[in-house]
Every structure is written in C-alpha cells, then in structure tokens.
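These are the residues of each chain, in order.
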Amino acid sequence: MSNEAKASVVRAARQGRVLVVTIANPPVNALGVAVRQGLLAAVEQAEADAAVQAVLIVGEGKAFIAGADIREFGQPAQPPSLPEVCNRIEACGKTVVAAIHGPALGGGLEVAMAAHYRVALPAAKLGLPEVNLGLLPGAGGTQRAPRLMGVRAAAGLMLSGQHLGAHAAFDAGLVDRVAQGADPVAAGLQYAEELLAANAPVRRTRDLAIADKAAALAELDALALETAKKTRGLFSPGKIVECVRAAVELPFDEGLARERALFVQCLESPQRQGLIHAFFAERETAKIPEAKAAAPRPFAAIAVIGGGTMGAGITVSALDAGLQVTMIERDAESIARGQKNVEKVYDGLIAKGRMTPEAKAATMARYTPSTSYDDIAHVDLVIEAVFEDIEVKKAVFKELDRVCKPGAVLATNTSYLDIDAIAAVTGRPQDVIGLHFFSPANIMKLLEIVVPAKVSADVVATAFELAKRMKKVPVRAGVCDGFIGNRILAVYKQAADYIMEDGASPYEIDEAVRGFGYPMGPFQVTDLAGGDIGWATRKRRAATRDPKARYVEVADRICERGWFGQKTGRGFYLYANGARTGMPDPEVLAIVQAERAKKGVTPRKFTPEEIMRRYMAAMINEGAKVVEEGIALRPLDVDVTFLSGYGFPRHRGGPMKHADMVGLPQVLADLREFAQEDPLFWKPAPLLEKLVAEGRNFDSLNKTA
Ligand code: 3H9
C-alpha cells in the first residue's frame, strides 16, 4: 500500500490542544495493517508535539472500529501487531480518549480499552464477539476487560459474543460516560477538554486491580466446567476462560503473553477457518447477478395465503418487518385459526416478558384477516403457503392472477414443487418466484429464493430485499425437486438409510451425527418433523424412482404402523407420556432386523467415523451436483443453506467448506470406495472429479457471481 493510502486511512489533525485521530477505513474501519501503522504513527506524533495535550480516537462513517481485519487471518503477519498498537496507545504519556458512536467490536473495543478514557454515544455497540469466529480477544481484551468490568461480566461478554449498548456498557464499567448526539468528534473533544481542565491523570487500564481474586478464581472454576458442557466440541470458549484466569493470577504482561499464545492456537484451529468462512459466506449470498441488474420493486402491503403453521410464521416475520399483512383463508373457521396461530406467537413473547400487550396490539393493527381474494387487489407482494400439492397451488395462482394488480410479486412457499409449472398457469410468469421459508418461519433464518426460468430480475431483487427486511439469510436457488436444501437432504437421508440397513442402528447413526456437531441426528429430525411428511414424498416419487436404485423400506414399515414420531408418541424412538426426548425402541430394531433379513443383508459394524464418512460423502457429492447444475450459484450457497436451515455445525463452515478441509482427493477416494458396493448411488459428481484432476477446491468457485 502506498504511503498516501496509509495516510488516508488514519488522519491526525490537531484541534486546539487535542490531536483528533480519525480512522477512515470503510466499510467498517477494520484494523488492517495500514490502520495499525497509522494509529502507531499518530501516537508518536502526539508524543512528539508539545502543543498536543490529549489524543482523541474516533471512527469515520457508521462504525468506531469493527475489529481486526478478518481477511488478514491466515495470511503472513504484518507488523505492527494489534497488541503492540494497543500497548502503545495505553503507554502514551498524554491523555487518550476514545469516542464511540457505532460498533466497537473485538479489536475495536480492545483499542478503546487501551485508551485512558471512553465516552459512548447512543448508537454505540460494544462487544468482544471473537468467540463467534473461533477466536478470543487477542489484543489485550482478555486482560483489560476483567480489570474494567469485573471477572464474571468480562467472561460473560467474551463467551456470549453479545453487544452492549451505550448505557449497558456504562453500567458495566466499560465506558466512563454516555454522551448525546451522533458526532463522536464533538462529544470526544468536549470530554477531553473537561478531563484536561480537571487535570485528570493518565489512567491506564493495565494498572487497575482485580478485586477479590480468591472469589474470582472460584467463579472461574465453575465457569470452566459450565463452558465445557455448554460449548461441547468448541475450542475457543475454554481458552477464553483460561485467559481470564491468567488475568486474575498473573501480572499484566505475563497475562498478555498467555493470551497471545492461546490466541495463536485458536487462529491455527480448523474451527477458526470454518467460522470465518461462515461469516463471509453469509454476507456473500446476497451478492447475486439480479441485484446488480435491477432495483427491487417497492413493497409495503403483502398478502399471505394460508394461515397454517407456515403461513402464520411468515405472517409474523412480515409483521415484524413492519409490513401490512392481509391473511387469506378459505372460510371463517380457518381464518380464525390462522389469526390464532399468529397471536399465539406474540402471546408467547408476552408471557416471557419479551413483548408488551401494547406492542402486540400495535403490531396486530397491521394485520387483516380475510376470506376473499378480492381483498388483496392492492397488495404489492403475495406469499402463498397452502397445502403442498401442485393442483392446489395452481388453483391459488389462477386466483392471484385474476385479482392482483399488475406488477405485484407472486411468490410460492413450496419446498419441492415445480415453480415453472406454477408460474405457467398465470398470464405473468415474470412476476412469479419461490420463497421457501423454513419452519418455524418466524424463527428460522434461512430463506431459499427460488428463481424460475421466466422471472424478471427486479422480482428476484425484490425477494432479496424482503429477506433483508425480515432479517433472513437469503440463498438463491434454481428450480429442481427440493431446490438446494431438501434435494441434498434427500440424498444424505438415503445414505443414512443404507448405513442402517447395512448394520448400524438408527441410534448409532444419530449419535455419530451429533458427535460431528449437529444438534440432532437424521432419525430424530424425522421424528420431530413427522414421519408422514417424508412418507408422502416417497409415495409421490415412487412412480419415477429408478428401479435399479436401492430402496430401504424401514421408514415405510414404521409409518404403516401409524408411528409418525413425536406427535404420535412413537417413531424411530419412543416418546413415553409426551416426552420430547425419545428412547430407543426394541420394536424398531426388530423391524430393521426383519428388513435386513428380507434383503439378505448380513449386518456389519460401523464406527462413528465410518458413519460420518458416508454421510458427508453423500452430502458433498450431491452438493457438487447442485453447484454444477447451477441450482446453487456457488459452493458457499450450499454451505449457507445447511448452516442456516439444517443445523450443520457452524464451526465446520458448511458441507463444501468441510470437504475442502478434508481435501477433495480424500472425498473422491471415499466415493470410489463406496461405489464398489453401489455404483449408482455413490457415482462421483463430474465437478468433483474435475476439481480433483485440476488440483482445485470448492472455494476456488466461490468468487462473487
Ligand atoms: C478480532 O478483532 C480479533 C482481535 O481480538 C485480535 C487481533 C489480534 N474485517 O456485516 P456487514 C465487512 S476479530 C473485515 O454486512 P453491517 C463485511 O464482510 C473481529 N471485513 O455490515 C462486509 O463486506 P462486504 C471481531 C469486515 O452493517 C462489510 O464489512 N469483530 C469486518 O450489517 C459490511 O459488513 C467482529 O467479529 C472485519 N472485522 O454490520 C465484528 N467486519 O461489503 C464483525 C465486517 O464486502 N462484523 N466486514 O460484504 C460485524 O459484526 C458486522 O460487520 C458489523 C456491521 C456489526 C460491524
């Protein structure tokens, strides 16, 4: 980087006796090498200039400083390091003030904690979210935060990754004052001048004492146990607790050295790679060709067709996004039920003290129930969430075509069906799109935006804008049976069935999948969702199934008995007396055994590793096909789909990132080995073979579309 560029990311200019140091590194003032150099130079300038009596650090734009530059992790280190910069700020002989008007996160808060005084403005957000990236605060944060806010609160901030607003940060002792307004320079200058006028001493955080060390250590013992239990399988949380212990037990500089050593361990961990991949991937999925080609259509009033679980969840999401919602149901009884489904969500929040009855009333004022399509002639966007049957959906879209105003966006929430065929029943296929929400729709973050052949670019852009307003994670998908998520799910579920028929029990498989980091295994998920849903899909596909393809009938045998999972008290597991955790069922094992005998399968043993190799190979292989066919724009879109909608362990970055970390040659070798038993199912995706032949990985395809 040229000297001029370096100079421009950190500007230092004297205002009276205060040197105002402005970080101007858009979009979020991350602490890249040029910023670190600039900050160091500014402190030296302040020391050298006799006219300067205080230093004020501020950020330009929306953020104070969002943290270290995450893009530099994994690259060769470039001096000065951030710990060095923070130490230099703290050592400055002139009073240093940080004025925080926006996010001060991670390294950003560490810079502020190294300053001698801190003032926060109302929009400030302070936090140490490194744990979300598989890291720990590595620029003195683990040593300074406990000195400022106490051991327990500091550990809580670092382990949760939560952000504190200005007042909460003040109450916690992280900042010294809360000022009004939005101008950090004005607020900071005023504070600095007051401090100088009062002859306030240079006050270094490193010199603050930690009170009652014995009690703090006892608390940390308990916290270490609790953290190990709660963050099972995660690396950095335990290291955070170790750092805080060092803050209590060791002199400051030794604590810093310990923090550095543990930070480097985190930096080198595969979990850091997975989590940082997830962070960027979630921001990349909104970068789609249509967003560059067209602007979204405006929307304020929408309609939701159907008031079942899905329709109600979507309605809540839309109301929470500030939209007007008209819900349509076929008769008075159904619409009353639909409204009840919506109100149930808000009543739940009221019961938990998270919403006031007044806020509910204000929200519900934007909700209109109706049984007549004619009431939605004015809306800008419609989301259909009726029964998953193509004929029912086509009938709805004919009605929408009849009543909706020209230019209204018509979306279907189908999870499998052919959206091109649905669009074709209207006279305006350019306005028809898929919005695949996940249940419960007001909670699940994923929104698959399914792009049929004839839809216009501005409708796609509108769908992405809607996702943003609803705070969803949008992923662009092409039309095929199951789109990205459910299509791949169907394949790895099949792999799980094969493993079961070949010898592992459903309980062993679930345990292996949980051991990998999922909250639940596939058979538990089936029981939770209801076995009848998959059964209906299997029946629908029976006619088109390849007769040569292996088909496991265990789930059908279970469904034939009326065992649909939790809701019937029995599925792959037994749920005695409405229990939510299932117990293994010997009768299910007997069914599995009978099916094996029928097919002449001699059961064999599988280790958890063998189970996961197959499970993941099936997922990755189908993921490669989905990318190759253009159903997903990039491998990262597959990753985000599984991270946000299917419980894939975030620290592994998603299935395609996981494949890159395992190494594609290994994945291909696994597939070829399994293909010896079943060449049809385990046939490697051509894209995977191509990448291996070219020595490339999935990430090489992740450039923005
Ligand atoms: C750390 O500090 C380690 C230290 O303790 C120790 C060091 C030794 N770096 O989210 P947005 C990009 S670890 C680089 O869409 P918003 C982001 O990719 C760090 N880039 O905006 C996006 O780029 P693009 C601890 C970053 O307004 C653009 O900025 N800090 C960074 O919704 C806008 O981001 C964190 O974990 C970064 N640190 O939210 C904070 N941050 O336009 C992470 C963002 O090309 N950041 N970008 O897609 C955030 O939580 C949010 O970005 C923030 C703004 C709340 C700041």
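Please refer to the structure placed before this passage.
The present account deals with the structure reproduced in this document. (Residues numbered from 1 in each chain as written. Predicted model: local features only at pLDDT ≥ 70, side-chain atom pairs only at ≥ 80, totals over all residues. Heavy atoms only, no water.)

Digging into the site of the ligand
Put simply, the rule reads: We call a residue near a molecule or strand when any one of its heavy atoms sits within 4 Å of it. Whenever a nitrogen or oxygen atom comes within 3.5 Å of another N or O atom, the pair is scored as a polar contact, on the condition that within protein one atom can donate a hydrogen and the other can accept it, and that pairs from neighbouring residues in sequence are kept only if both atoms are in side chains. Per-residue and other accessible areas follow the Shrake-Rupley method at a 1.4 Å probe size, with only the shown protein chains counted as cover for residues.
Surrounding the ligand, one finds 24 residues, the nearest of these being Gly107, Glu110, Glu130, Arg283 and Lys287. A distance of 2.8 Å is found between a nitrogen atom of the ligand and a backbone nitrogen or oxygen belonging to alanine 66. Between isoleucine 70 and the ligand, the recorded distance is 3.0 Å, taken from a backbone N or O atom to a nitrogen atom. Calculation on the ligand without its partners gives an accessible area of 1000 Å², and the protein chains cover 77% of this total.

Side note on the packing of helix α21 (residues 506-516) against helix α22 (residues 522-529)
In a pair of packed helices, the angle between the axes and the distance between the axes together describe the arrangement. Defined as follows: To define axes, lines are fitted to C-alpha atoms, for helices over the stretch in contact only, and angles between the resulting N-to-C directions are given on a 0 to 180 degree scale. Helix and strand definitions here come from DSSP, where helices need a minimum of 4 consecutive H or I residues and strands a minimum of 2 consecutive E residues; each element is numbered from the N-terminal end. If an angle is under 35 degrees, it is roughly parallel; if it is over 145, roughly antiparallel; if it lies from 65 to 115, roughly perpendicular; otherwise it is oblique. Here a residue-residue contact requires only that any non-hydrogen atoms of the pair lie within 4.5 Å. We call Asp, Glu, Lys and Arg charged. Ala, Val, Leu, Ile, Met, Phe, Trp, Tyr, Cys and Pro are nonpolar, and the rest, Gly among them, are polar.
Where α21 meets α22, the closest approach of the two axes is 7 Å, and the angle between their N-to-C directions is 105 degrees. Considering their axes alone, α21 and α22 lie roughly perpendicular with respect to each other. Where α21 abuts α22, its residues Pro506, Ile509, Asp510, Val513 and Arg514 lie against Pro522, Phe523 and Gln524. Of the residues that constitute the contact of α21 with α22, the class distribution is 5 nonpolar, 1 polar and 2 charged.

Some words on the sheet that holds strand β8 (residues 163-165)
Operational definition: Being paired, for any two strands, means DSSP has found at least two bridges between them.
With respect to topology, 3 strands assemble into an open sheet ordered β5-β7-β8, the strand pairing being mixed. If you trace the sheet from one side to the other, it starts and ends with β5 (103-105) and β8, each paired once. This sheet shows a mean twist of 20 degrees between the axes of neighbouring strands, independent of strand direction. With 3 bridges joining them, β5 and strand β7 (residues 125-127) adopt parallel strand pairing. By the bridge assignment for β7, proline 103 is matched with lysine 125. Packed on one face of the sheet, helix α4 (residues 107-114) meets β5 and β7 and runs near 90 degrees to β5.

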